[in-house]
Each structure stands twice: as C-alpha cells, then as structure tokens.
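# Descriptive structure summary
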Amino acid sequence: MSDILLGAFLEDINHAIDGGLSANLIANHSFEGAYVSRRLHTNTIAAVTRRRPRPVSDPLRHWRVRSGTLAAPAVDEAGTGDDASTPLVPGARFARLTSEGAAVVRNVGHARRGAGIGARRGVVYHVDARVRLGSFDGSLVARLVDRRGRALASSTLTLTPDPDHPGWHVATAALRPPRTALVAFEIAARGAGTLDLDEVRLIPADHWGAGDPRWSQGVLRRDLVEAIAELKPRFVRFPGGCIVEGLDCANAYDWKRTVGPLAGRRPDYNLWGLSTRGGDYSQSFQVGYYEYFLLCEDLGAKPLPVVGAGMACQLRATEVLPLDSPEFAAVVQDVLDMIEWATGDPASSPWARLRAEAGHPEPFSLDMIAVGNENAGPQYLHRFRAIREAVRARHPHMDVVLSAGALAWGVEFEQAWEEARRDPRGLIVDEHFYKSPSWVIDAASRYDAYPRDVRVAVGEYAANLPSGLVPAPIRPVPNTFRSALAEAAFLTGVERNADVVAMASFAPLLNLVGHGQWEHNLIDFNPFAVMPTANHHVQRMFAATVRERIVPLDRDGLPPGLLVSATAGAGLSGEVPVRDGLPADDAVAVKLVEVAGRAARVRLRVPGAAEGAPVRVEVLAASDEARNRLRWVGRGRHEVRPRVSRRVTGPDGVVEVKVPGRSVTMVEVDLSAPSRTAE
Ligand code: AHR
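Residues numbered from 1 in each chain as written. Predicted model: local features only at pLDDT ≥ 70, side-chain atom pairs only at ≥ 80, totals over all residues. Heavy atoms only, no water.

Along the protein, the regular secondary structure elements total eleven helices and 35 strands. Taking 679 residues into account, the globule formula puts the C-alpha radius of gyration at 26 Å, and the protein, at 26 Å, falls close to it. For the protein, the spread of C-alpha atoms along the principal axes amounts to about 85 × 60 × 55 Å. Of the contacts made within the protein by residues no fewer than 6 positions apart, 77% connect residues no fewer than 24 positions apart. Surface exposure of the protein reaches about 26000 Å², of which carbon and sulfur atoms provide 52%. Within the protein, one finds 79 positive and 80 negative side-chain charges whose respective centroids are separated by 7 Å. (Helix = DSSP H or I, 4+ residues; strand = E, 2+ residues; numbered from the N terminus. Rg over C-alpha atoms; globule rule 2.2 N^0.38 Å. Contact = heavy atoms within 4.5 Å. Areas by Shrake-Rupley, 256 points an atom, 1.4 Å probe, with all protein chains shown as cover. Lys, Arg positive; Asp, Glu negative; His and termini not counted. Charge placed at Lys NZ, Arg CZ, Asp CG, Glu CD.)

This part takes up the site of the ligand. Neighbouring the ligand are the residues Phe9, Glu11, Gly241, Cys242, Trp272, Asn373, Glu374, Tyr434, Glu460, Ala507, Pro508 and Trp518. Within the side chain of Tyr434, a nitrogen or oxygen atom sits 2.7 Å from an oxygen atom of the ligand. Here the residues of the shell around the ligand are counted per class, giving seven nonpolar, two polar and three charged. (Near = heavy atom within 4 Å. Polar contact = N/O pair within 3.5 Å; in protein donor to acceptor, adjacent residues only side chain to side chain. Nonpolar A, V, L, I, M, F, W, Y, C, P; charged D, E, K, R; others polar.)

Here we come to the state of the cysteines. Counted according to the given criterion, the structure contains zero disulfides. Distance from the sulfur of Cys313, which forms no disulfide, to the nearest cysteine sulfur (Cys242) is 4.2 Å. Cys313 gets classed as buried once you look at its relative accessible area, which sits at 2%. (Disulfide = S-S within 2.5 Å. Buried < 20%, exposed > 50% of the residue type's maximum accessible area, 1.4 Å probe, protein only.)

We now examine unusual backbone geometry. Cis geometry is adopted by the peptide bond preceding Pro239, which originates at Phe238 and carries an omega value of 5°. One can find Pro239 in the loop between strand S14 (235–238) and helix H3 (242–245). In this structure, the amide linkage connecting Gly240 to the following residue, Gly241, adopts the cis form with an omega of 10°. For His62, which is not a glycine, the phi torsion comes out positive at approximately 75°.

Turning our attention to the sheet that holds strand S23 (residues 510–512). Overall, mixed pairing links the three strands, which are arranged S23-S24-S25 in an open sheet. Edge positions in the open sheet fall to S23 and strand S25 (530–532), since each of these has one partner strand only. Strand-to-strand, the axes of this sheet are offset by a mean angle of 25°, without reference to chain direction. Pairing geometry for strand S24 (residues 523–525) and S25, over three bridges, is antiparallel. Bridging from a neighbouring strand, Asp524 pairs with Met531 of S25. This element, helix H2 (residues 222–229), spans S23, S24 and S25 of the sheet and lies at about 165° to S24. (Pairing = 2+ DSSP bridges. Axes fitted to C-alpha atoms, helices over the stretch in contact; angles between N-to-C directions.)

To continue, consider the sheet that holds strand S35 (residues 663–670). Taken together, six strands build an open sheet; the order of strands is S26-S27-S30-S35-S32-S33 and the sheet is antiparallel. Strands with a single pairing partner mark the edges of an open sheet, and in this sheet they are strand S26 (547–550) and strand S33 (643–648). Here the average twist between neighbouring strands, direction ignored, is 25°. Packed on one face of the sheet, helix H11 (residues 534–543) meets strand S27 (562–571), strand S30 (587–594), strand S32 (614–621) and S35 and runs near 155° to S32.

Before going further, it helps to spend a moment on the packing of helix H4 (residues 289–299) against helix H5 (residues 326–343). Interhelical geometry of H4 versus H5 gives an angle of 50° and a closest axis separation of 12 Å. As the angle between them shows, H4 and H5 are arranged oblique. H4 and H5 meet at a crossing whose hand is right-handed. Across the interface between the two elements, Tyr289, Tyr290 and Phe293 from H4 touch Met338, Trp341 and Ala342 from H5. (Parallel < 35°, antiparallel > 145°, perpendicular 65-115°, else oblique. Left-handed = near helix turned anticlockwise from the far one by under 90°.)

Applying the stated criterion across every chain yields a total of five cavities of 30 Å³ or more. Roughly 170 Å³ of volume is contained in the largest cavity. If you go around the largest cavity, you meet 19 residues; those closest to its centre are Ala27, Asn28, Tyr35, His110 and Ser282. Residue composition of the lining of the largest cavity, by class: five nonpolar, ten polar and four charged. The volume enclosed by the second largest cavity comes to roughly 60 Å³. As for the second largest cavity, its lining consists of 13 residues, of which Asp12, Ile17, Tyr253, Gln283 and Val287 are closest to the centre. When grouped by side-chain class, the residues that make up the lining of the second largest cavity number seven nonpolar, three polar and three charged. (1 Å grid on protein atoms, 1.4 Å probe; cavity = no way out; pocket = protein on both sides within 12 Å on 5 of 7 lines; lining within 4 Å. Points joined across faces, edges and corners; volume = space filled by probe spheres on them.)

Our next topic: the pairing of strand S10 (residues 151–156). Pairing of strand S9 (residues 137–146) with S10, which is carried by five bridges, proceeds in the antiparallel orientation. Looking at the pairing, Arg143 lines up with Ser154 of S10. Linking two consecutive strands that pair antiparallel, namely S9 and S10, is a turn of four residues; a positive phi of about 85° is found at Gly149 within it.

The following block contains the structure:
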C-alpha cells in the first residue's frame, strides 16, 4: 500500500497563512497592500459576469495614524533619482510618516476591526522594521496597546544601520505583555520631521523555527504547526487550490516571488478576497515555497507542490495561454526552475544557490509534482502534456499528478482517466469532491471497483454540503460530527484500497474564525488558541495509526452499517506507541465506523496477537449536530472529543469492543509484545 496515504492540503484560504501560519502579526507589513476590487461569493462563476474583478493597490490599508500624517510616496523604481524616494529593494513601496512633534502609527493585524493581535502573557514579541530617518529628529517607541488604549508593553526602538540597504536602519525592540489581551501594535514617534518605514514585523519569540538557522526568512505560528503535526501528514499539497491558477494568469501563484529574502517578495492579491468585504485579503508571501519545503521537512512529510498549467481558474475565468506563446514557455520554465531550486546543486545552479543562501544547502526531497488544480478538458490536457514532457525529459523519476477537474465524474473526468491510461509511465490522477455526508459515506466503496493498476490522489474532499438539492453557488455548511463521521466512513474505503489510493487530503486545512471564506475546515483558530474540529479528530485517528500493509478482513456477521478497515506492520507515521515505553514496531490498527445508528458488540480476532497483548482503543462519538466551537477570543468549547482506553487481548488474541451507534472506533493491537503465557 501507499506509504504516503494520508496528508494535508495547505492553501491560503480563511487566512490560513496571512493572519495564521505566518508568525508575523502585522497586516500589510510592507505597505504594498494588494487587494481585489469586487465582492463575490465563493465559487461564483465570474466568467459569465460582465464586471470583472480587478487588482487594487492600497498601500496604507490596515494602518492608521494619529497626530501626524502617513503617506505612501511614489517610488523611484530605478533608484537613480532622489535618494529619498528610493525603496528598500527595487519594486518595493514604503510609508512616510510626518510628525510635528508627536505621531503614532497603528496596525491591528488581520482582524476585520478593533484591536486584533493576540498578545499572550509573558511571551516576548520581537519588533523588527526598516526605518529611514530622513529629517526626523527624535525617538521611536514600539508598544502593544489594549482596547482601552492602555499600553501593555512598550520599548524604545534600537536603530542600527542596515548593512544591506544604505540609508536605512534596522529598528528592533522586545515587548513582553504582562497579561493576555487583544492589542494593537503602535509605533510612536516623539520628535519632529519625516521618516520612512518598511518591512514591519511583530513576531512571538516562541514561533516555529526559532533558533534554527534553516528558518532564516519567514517563520510560523507554533500552535498551528503543532496542530498540523498531530495529523502526522505523510505529504503536504500546496499552495492550492484555486490560488494556484489565480483569477487570471497574472494572478497565478508564482513560486519565484515567494523565495529569497523577505524584503524582495512582492505581495499579490488573494483571489479568496473575492468573498471578503473590500477584497481584503493579500498574499504577503512571507510564507512561500521555501517555508513550505521546510515545513514538510519538519513534519516528515513529502512535498506535493501544485504548479499552474498556464490557465486561469476555470470556474471563474476563461483565460488560457496559447501553447506556442512565450508566456506558456515561461510557465514550463518556471516548473523546471522550481525543481532546480528545490533539488539542484548550489555550486552549479543559481536557483539552488538561493536555497542554500536561505540556510538549506542540502537538496530538499522532491519526487512528485501536480500540474494544475481542478483543471480539466482538452485545453488543460494539451498543456499538461507539454509540462509533463519537459519535466520527464530532465527528471525521469518524478511522479506527475494529473488533475481530473473539480468534479469526480462526467466527461472531463473520464478524459483525464483516458489520458492516465494512455501514459506509458503511469500518472497519479487527482480527484476532488465536496459532497453531502450521505454521498461521502457511499464513496467508501468507490475505490473497491477501480482497476488495481491505477493510482489516485484524493487531493481535496470533505462531507461539507447539506443533503438534498444543493443551491448554487455551493456553500459549505459548518463542521459537525455528522460530516466527520462520513469522512471516517470514507477513510475506511481509502485504507482498504490503499493500493489504488496513493494519497488523500481533507480540505481546507485552517480557518481564522470569523474571517473565513469557507465554513467547513479542519482546524479553527483565533489569535490565541487552536481548536481541532471533530473532522480533525477523525483525520488524526486514521493518519496517526495507519500502518504499512492492508489487512484483509473477514466481515462475517458484521452488520451492514459498520464499515471496517485495518492495516498492520510498522507505523507509517514514525511513532505509534501502543503502550508507554513500548513502541510497537508491529501492530494491527482496526477502524470501525458505525453509520446506521445501531450500537454493536464486536469480537475482533487478530491472528498473530498473543494473549495479553496491549490494546489501545479510541472512540469518537457525539450527536450529529455536535461541534467544537471557537470564538474570536478564548479557548473554545469541545463537544466532540475522543475517549481513550487501554486493555489487553484475551485468549486467541481476541478483543471485544462495544461500538456505539454513529461512532468512530480505532482499536490498535500490539503484535510485538511477548505473550503473557510465554512470559
Ligand atoms: O478547498 C477550497 C477550494 O475548493 C480549493 O481552492 C479549490 O481547489 C476547490 O474548489
């Protein structure tokens, strides 16, 4: 069976990255605010509307000024004119603050309104900005201010000349709030004159990657990385999702603007801003390809980068780059350059040198790429072939993933499978579905009927739609135990067919509560806390216990509403201790998912299990409507939580388990333990 069966899908939707995983708490940190003009609902088919959305540049969005004035001067791109208009790096913008004696600039982070930065008691927050003093004569103070205007922490910024950017200073301070609160970040200028400000960062010292020389550029929010790590993902699919293709080809995700020193990464608008008031969603790219590959490395997961196929999101637009155009040739070259950047030798490759300079001279592991996201049809297949051939010519061992489109059925879906069957080397076909819980339960048997010589990646799925007729545009409903149970049922089919299903990842992954564009996600978070959904518990129960071979099951006597799968061998997730102090390098993990609402008593006889072998049982049961709730502040309320118990096998390796109606039960039996009788 696949050794990378269950993974994660990371896309910057619901502020998963900017406002989430990216540890910089400042919104529009580089005064380049890139937004989009119109508000449309998710999945609106903009191709048939007349008013196309357009990019909006709003360099001062998310910043407020008191007393003084704040402006975003036109920049001297060439850097040849007046020094005072030269940006930090070519193409960058900056803000100009004028103070008549006292002025304050303020940023509330990614919150829609009010003080929205979560400051935690006792944690040090490092401030790091670039300042050009101009005519300013005075001091600068950084502070965290609560909703009543009280400064919780403040410190004078220390300025040292920036060796890399003549004329600019590096401004730093450390702030330690004495209590936990929602705050705004402020820089107060005490003195008169004009100064320039750029690249403002406010980062908690306990971020992921702290002290690790590899994490020299963007850094991540620790509790979110830990929540993803709990899923033991064997691969991470990134960066999307629709943002791979973009609203048009100019907005397609460009990996090259997401690597290298942070000041050189130019933001772009995020197409999910279409579903956000004021189009207020920017991709700052402080977490880009470099950080993604590092994250995979830290998680022990394989990267599955999704590259564009030279066509815009087919649900929203019709733009397609001609096959013989220089623009399409550039798309192909970008893919080759990306592989070179990730795996090349810094001694001979400029792209690989960029990686080495960031702190990763060793090549990253990369042996598969996906071409296109939810693209389908003849235009896509032509472009797919061109990219596939170029990749295979240079990297014959690279696995290539073909998109079967947004629907896991229909003409274009069949065309994708035909293409896969024709491919002499074999492709992995990426199927997506967002459906109702009952559809997803039925899909547990979907792969039983597939030929055994194909490979499927279920790159996105969720039981997130209401049952019955689905209104257009599609609106996912919030997570409940009902959807989690359906996904568990589906995962029994994935495990049972893990010879055909190479990969599966739930979508989407992260959601900043109250700021999302998609209701049904795996991990909710607010500025202070992370809340695993019921669906997260299901994913973790499966992924953390999946093992290296499929176990055939004798279903004799099992009721029809009970779906079962089992795997055995060493743990694929690297660590699956069955009992403390005894890592089981050989165990059986059985998943029992009851969907009919009829409790059952199940006797599992596990061949090879000794009498007295340790058993770990984890049960997830709740009412259909139960959900784990998180608000903008606080730690939230759990309505769905697993119960874990431990016991030992009886004679003949038999385990008796009570399976509640509508529940997910995981039974793990340690086969490596010596038998009690032998002892
Ligand atoms: O997961 C959310 C979106 O759903 C993805 O961006 C897209 O691929 C799919 O339509």
